[in-house]
Amino acid sequence: MYIAHSSNPIYLNAHMANRHGLIAGATGTGKTVSLQVLAESFSKEGIPVFMADVKGDLSGIGKEGAMNKIIEKRVQELGLHNFNFQSFPVCFYDVFGKQGHPLRTTISGMGPLLLARLLNLNDTQTGALNLVFRIADDNGLLLIDLKDLRLMLEHVGNNAKQFTTSYGTVTSMSIGAIQRGLLSLETQGGDHFFGEPDFDIYDLIRSYEGKGVINVLSADKLMQSPILYSTMLLWLLSDLYEKLPEVGDLPQPKLVFFFDEAHLLFNDAPKVLTDKIEKIVRLIRSKGVGVYFVSQSPSDIPDNVLGQLGNRIQHALRAYTPRDQKAVKIAAQTFRPNPNLKTEQVITELGVGEALVSFLDDAGRPSIVEQAVILPPLSQIGPLTAQERDAIIKNSKLFGKYENAFDRRSAYEVLQEQKQQQEQAQQPKSAGGVDWQSKYPQYQTQQRLTTTPKTTKATSKSTKTASTVGKTIGKTVNRQGQSLIRGMLGSLLKF
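Values in this document were obtained by computation on a predicted structure and should not be read as measured data. (Residues numbered from 1 in each chain as written. Predicted model: local features only at pLDDT ≥ 70, side-chain atom pairs only at ≥ 80, totals over all residues. Heavy atoms only, no water.)

Let's talk about the overall build of the chain
Within the chain, the secondary structure is distributed over 18 helices and 14 strands. For the chain, the proportion of contacts with a sequence separation of at least 24, taken over those separated by at least 6, is 77%. Accessible area of the chain: about 23,200 Å², with a carbon and sulfur share of 49%. (Helix = DSSP H or I, 4+ residues; strand = E, 2+ residues; numbered from the N terminus. Contact = heavy atoms within 4.5 Å. Areas by Shrake-Rupley, 256 points an atom, 1.4 Å probe, with all protein chains shown as cover.)

Some words on the packing of helix α3 (residues 107–118) against helix α10 (residues 271–283)
Running from N to C, α3 and α10 cross one another at 125 degrees; their axes reach a closest spacing of 11 Å. In terms of their interaxial angle, α3 and α10 are classed as oblique. You can see that α3 and α10 cross each other, and the crossing is left-handed. Along the contact surface, α3 presents Leu113, Leu114 and Arg117, while α10 presents Val272, Leu273 and Lys276. Residue composition of the contact of α3 with α10, by class: 4 nonpolar, no polar and 2 charged. (Axes fitted to C-alpha atoms, helices over the stretch in contact; angles between N-to-C directions. Parallel < 35°, antiparallel > 145°, perpendicular 65-115°, else oblique. Left-handed = near helix turned anticlockwise from the far one by under 90°. Nonpolar A, V, L, I, M, F, W, Y, C, P; charged D, E, K, R; others polar.)

Quick word on the sheet that holds strand β14 (residues 370–374)
Spatial strand order, β2-β1-β14-β13-β12-β3-β11-β10-β4-β9-β5-β6: 12 strands in an open sheet with mixed pairing. The outermost strands of the open sheet, each flanked by one partner alone, are β2 (9–11) and β6 (101–102). Across 4 bridges, the pairing between strand β3 (residues 21–24) and strand β12 (residues 311–314) is parallel. When the bridges of β12 are listed, Ile23 appears paired with Ile313. The strands that helix α1 (residues 31–44) touches are β1 (2–5), β3, β4 (49–53), β9 (214–218), β10 (255–260), β11 (289–295), β12 and β14; relative to β10, the one it contacts most, it runs at about 170 degrees. Most of the contacts of helix α14 (residues 386–394) go to strand β5 (residues 90–94), to which it runs at about 100 degrees, and overall it touches β5, β6 and β9. (Pairing = 2+ DSSP bridges.)

Describing the nonpolar core
Ranked by internal contacts, the top residues of the largest apolar core, which has 86 residues, are Leu115, Leu149, Leu233, Leu236 and Phe293. The element that contributes the greatest number of residues to this core is helix α8 (residues 226–243), accounting for 10 residues. Those residues within four positions of Leu233 in sequence are excluded, and the remaining contacts are Phe50, Ala52, Leu217, Phe257 and Phe259. Counting residues in each nonpolar core, the second largest holds 43 residues, with Leu38, Leu80, Val294 and Ala372 among its members. (Core = buried A, V, L, I, M, F, W, Y, C linked by side-chain atoms within 4.5 Å. Buried < 20%, exposed > 50% of the residue type's maximum accessible area, 1.4 Å probe, protein only.)

Examining the environment of Glu72
Tracing the sequence through the fold places Glu72 in helix α2 (residues 69–78). Judged by relative accessible area, which is 38%, Glu72 ranks as partly exposed.

Things to note about the confidence of the model for the chain
When pLDDT is averaged across the chain, the result is 86; 86% of the residues are at 70 or more. Taken as a whole, residues 442–486 scores under 50 in pLDDT and shows 41 contacts with residues more than four places along the chain or in a different chain. Every residue in residues 491–495 scores below 50 in pLDDT, and together they form 27 contacts with partners more than four places removed in sequence or on other chains. (pLDDT = per-residue confidence, 0-100.)

A closer look at the pairing of β10
With respect to burial, β10 is a largely interior element, 6 of its 6 residues being buried. Bridge count for β4 against β10 is 2 bridges, and the pairing is parallel. Counted as the bridge partner of Phe50 is Phe257 from β10. Here 6 bridges tie β10 to β11, and the two strands are oriented parallel to one another. Paired with Asp260 across the strands is Val294, a residue of β11.

Points about the pairing of β5
When you tally the buried positions in β5, you get 5 out of 5 residues, the bulk of the element. Pairing of β5 with β9 involves 4 bridges; the strand directions are parallel. Paired with Tyr93 across the strands is Leu217, a residue of β9. As judged from the 2 bridges shared by β5 and β6, these two strands associate in the parallel manner. Paired with Asp94 across the two strands is Pro102, which belongs to β6.

So this is what it looks like as structure tokens:
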């Protein structure tokens, strides 16, 4: 795949594309154009792509480009004789459902580890959340949306003593902290992300007329909540890892996943999460997925992840502060040295659209670093109009699959029924079955003041009822062939 030009054309070997990569550089140096050129190149090879549009200007990849003075000059400088503009098949997604197909998952699908990061929980609160998920699993209670989790938290909090022996202690303080986190998440629009139909990751792996479909997530609004943005992309990546089969070393990837603003993924992430991210990046190659991080500096990426990124495009870095100078030095040291190039010095002198490039060769070895010019994109630079985007969405084969949300029977409905049964069981009746509360209202008032639910026989009966309901749900789930399987990040892969 012809990506850049130095003294000679520079190619990215499709067979080595699943060895992952990095696009780095300061703001305004050309990272977005490099991302667009790479996505086009993969698409032309029939390789589907996923990328997040954090600035709102990548949608133009669905429309053929047009000549301007800058592109004309670059075409002449590089001697691109067969340069023809073209469009690429594109599919738009949007968590909020405004600029693309809605993108949702379930609470169970995200799992407690990622949800704890989303809610900014400490270790104790994360432990309590894990306990709540375990109780829900053991009782066949599906956690689909936020109202399911809220009522499940309330149920566990109100019956904490009942669960202590089997699951461990959970405090009302931890339950309260999680509930407050859910309220904060809802104010950020996170409730749009949870529900059904949940997203099928196989919809990312499609082609059209020989070209790989470029899946673009509208993220300009999502970026206002950085933790929601990074957690959502990490969920997608972990879902790909869990659900795709092992395929070994393919001639080219099944999918290339671009993770823009990658520093957000690692900022303040607990060690247990960064360790699992490193493991996913290391192992997902065998699933046929290439992961490309896009960030301002290689220093934004932990060393154990950075060491796995074999294909590098490094745009200019600025060295205004001691910290910047250290970042430049780190970036230079990540390349295989070129005896004819002072890498550390050149990084600060690169112009817009220029980069230091090193790709893996046929044997998987990084090539020596070269100063190069990135090719101009074939598609439109800049966003589509609202009308053009809308037309693509409505003509998509996926239109209608995710647009209509539904709410099936889950933890909320089951727990509500249990509460109603408990309330009915606590109403006193005569031996003949007379409902004394409805027949004698004054007796009902007196009972409210004197009855202690803890010591009534009805409470014992309600406990048995709750247990029976839980067993019935479990049997129903098994009969329907719905299995609860924990993934690497604690997610439930399918019901």
